[in-house]
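# Summary of the model geometry
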Amino acid sequence: MRRCLIPLSLLSIAMPIAAQAAENALLPPAVREMLEAAIANGNETEIATVAKIAKQTNPDSTDQIQRMVNSWKERTKATHDTVIREAGIGDLWTGRIEAGGFRSTGSTSEIGISASATATRTGIQWTHKLTASTDYRRANGVTSRERYFAGYEPRYEFDPRGFAYGLAQFERDTSIGYDERYTASVGVGYKLVVSKPLDLSADIGPSVRHVKYLIGQRETKLGVRGSMALAWRASPTLTFKQTASGYAETDVYTLNSLTSLETKVSTRWSAAVSYNVQYESETVLEARDFDTLSRLTLTYDF
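Please read these numbers as outputs of a predicted model, since none were measured by experiment.

### Focus: the overall build of the chain
Counting its secondary structure elements, the chain contains 4 helices and 12 strands. Looking at the chain residue by residue over its 302 residues, the buried ones come to 31%. Relative to all contacts within the chain whose residues are 6 or more apart in sequence, the contacts with residues 24 or more apart total 46%. Summed over its atoms, the accessible surface of the chain is roughly 18200 Å², and 62% of this surface lies on carbon and sulfur atoms.

### Quick notes on the pattern of salt bridges
Tallied over the entire structure, the rule returns 20 salt bridges. The partner of Arg32 in a salt bridge is Glu36, and the shortest N-O contact between them spans 3.4 Å. Residue Arg32 and its partner Glu36 are both found in helix H2 (residues 29-41); the two are separated by 4 residues, about one turn of the helix. In this structure, the salt-bridge partner of Arg147 is Asp173, at a minimum N-O distance of 3.7 Å. Remark: Asp173 occurs in strand E5 (residues 162-173) and Arg147 occurs in strand E4 (residues 142-157); sequence separation between them is 26 residues. Taken as a pair, Arg147 and Asp173 share a single burial class, namely buried. One connected set of salt bridges, linked through shared partners, spans Arg96, Lys241, Glu262, Lys264 and Asp301.

### A word on the side chain of Lys221
Along the chain, Lys221 falls in strand E8 (residues 218-235). What makes Lys221 buried here is its relative accessible area of 16%. A distance of 2.3 Å separates polar atoms of two side chains, one belonging to Lys221 and the other to Asp251. Ignoring sequence-local partners within four residues, the contact set of Lys221 consists of Ser207, Val208, Arg209, Glu249, Thr250, Asp251 and Val252.

### A short note on empty space enclosed by the protein
Using the criterion set out here, one finds 1 cavity of 30 Å³ or more in the structure. Its boundaries defined by the atoms lining it, the largest cavity holds a volume of some 110 Å³. What lines the largest cavity is a set of 12 residues, and nearest its centre among them are Arg181, Val211, Tyr213, Glu219 and Val252. Mapped by element, the contributors of at least two residues to the lining of the largest cavity are strand E6 (178-194), strand E7 (198-213) and E8. Residues that form the lining of the largest cavity fall into these classes: 5 nonpolar, 1 polar and 6 charged.

### Describing the pairing of E6
Note that E5 and E6 share 11 bridges and pair antiparallel. Opposite Gly162, over in E6, you have Tyr190 as the bridge partner. Relative to E7, E6 is paired through 13 bridges, and the arrangement is antiparallel. Of the residues in E7, the one forming a bridge with Arg181 is Val211. Taking the residues that link successive antiparallel strands as the turn, the E6-E7 hairpin has 3 residues.

### Some words on the nonpolar core
Formed by 13 residues in total, the largest nonpolar core has its most connected members in Leu27, Leu35, Ile39, Ile47, Ala51, Ile65 and Met68. Sorting the residues of this core by element identifies H2, helix H3 (44-57) and helix H4 (62-86) as the ones contributing at least two each.

### Let's talk about the packing of H2 against H3
Between H2 and H3, the shortest axis-to-axis distance is 9 Å and the interhelical angle comes to 165°. Relative to H3, the element H2 is oriented roughly antiparallel. For the pair H2 and H3, the crossing hand works out as left-handed. Taken together, the residues of H3 that come into contact with H2 (itself represented by Val31, Met34, Leu35, Ala38, Ile39 and Asn41) are Glu46, Ile47, Val50, Ala51 and Ala54. When its residues are assigned to classes, the contact of H2 with H3 shows 9 nonpolar, 1 polar and 1 charged.

### Re the side chain of Asn256
For Asn256, the location among the structural elements is in strand E10 (residues 253-264). A polar atom in the side chain of Asn256 sits 3.1 Å from the side chain of Asn276. What Asn256 contacts, discounting residues up to four positions off in sequence, is Arg147, Thr243, Ala244, Ser245, Asn276, Val277 and Gln278.

### Regarding the packing of aromatic side chains
Counting across every chain of the model gives 3 aromatic pairs. Seen from their ring centres, Phe170 and Tyr182 are 5.3 Å apart, and the 50° between their planes marks the pair as tilted. Of this pair, Phe170 sits in strand E5 while Tyr182 sits in strand E6, and the two are 12 residues apart along the sequence. Residue classification places Tyr182 among the partly exposed positions, given a relative accessible area of 38%. For the pair Trp269 and Tyr300, a centre-to-centre distance of 4.9 Å together with 55° between the ring planes defines the contact as tilted. In this pair, Trp269 sits in strand E11 (residues 269-280) while Tyr300 sits in strand E12 (residues 290-301), placing the two residues 31 residues apart along the sequence. Of note, Arg155 hangs over the ring of Phe163, and the distance from its end group to the ring centre comes to 3.8 Å. Here the guanidinium or amino end of Arg209 rests over the ring plane of Tyr247, the centre of that ring lying 4.4 Å away.

What counts as what
Residues numbered from 1 in each chain as written. Predicted model: local features only at pLDDT ≥ 70, side-chain atom pairs only at ≥ 80, totals over all residues. Heavy atoms only, no water. Helix = DSSP H or I, 4+ residues; strand = E, 2+ residues; numbered from the N terminus. Buried < 20%, exposed > 50% of the residue type's maximum accessible area, 1.4 Å probe, protein only. Contact = heavy atoms within 4.5 Å. Areas by Shrake-Rupley, 256 points an atom, 1.4 Å probe, with all protein chains shown as cover. Salt bridge = Lys/Arg side-chain N within 4 Å of Asp/Glu carboxyl O. Polar contact = N/O pair within 3.5 Å; in protein donor to acceptor, adjacent residues only side chain to side chain. 1 Å grid on protein atoms, 1.4 Å probe; cavity = no way out; pocket = protein on both sides within 12 Å on 5 of 7 lines; lining within 4 Å. Points joined across faces, edges and corners; volume = space filled by probe spheres on them. Nonpolar A, V, L, I, M, F, W, Y, C, P; charged D, E, K, R; others polar. Pairing = 2+ DSSP bridges. Core = buried A, V, L, I, M, F, W, Y, C linked by side-chain atoms within 4.5 Å. Axes fitted to C-alpha atoms, helices over the stretch in contact; angles between N-to-C directions. Parallel < 35°, antiparallel > 145°, perpendicular 65-115°, else oblique. Left-handed = near helix turned anticlockwise from the far one by under 90°. Phe/Tyr/Trp six-rings, centres within 6.5 Å; stacked < 30°, edge-to-face > 60°. Lys NZ or Arg CZ within 6 Å of the ring centre and 35° of its normal.

As structure tokens, this is what we get:
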């Protein structure tokens, strides 16, 4: 009687192939084709929906379906990371432009303009954000509000939730009484909530501000800066946002809060109503109360 001996090397190849063949047999061809078609389209929401239905109708193939989805995610991430690494400094920027205003004539002649622009470049760990805004209001020949703002904020994510930030910004606000105000800050932050409907983050760090007042006096002060940002996507077309920042120095306190409700009009166009609260404690000019500003603006994403 002759024995048939199969080399171990052949067994090591044949066993995984047999196991894979048996596993593939568990998933009906029609279901596999449907999932592969969704993956080919590359729409994450569509893939998740098809995979969910496939798992419900084919519970014995749940692991196989999940492996197909995970494989797509890994390939997508690898491609995304390669694109970022090979991109130039002028690539990968996204942003938005927001504008609103009013004009009235008659017994009272008044004009108001509000505009802002934001550009963001998101890398694998680094994010760079540029911001500029202006608010201007003039009634009967008298300027009641003139505010200009420009800022740059780099951020480095050292883990999925934790990050370090830097900040450099310029402000001019004649209604408060300063001609120039420069701010620099560094610190750390944490993403408290990260989900599809809700994002919430907060950061804190030391700051230094140099101010030149309209009367010509200058001062530089050290302090502490903190901020928070919340975004709640109530529906695919409706988003509620709340941002706030505060500065605490030896005898000066600053608070700026922006609450907005934004609705999508089209893929790139949105309309928003916002309410801004700004507070400056006593300065070398005078004591200040809360200043508020309501806006109705149109936004374009690019």
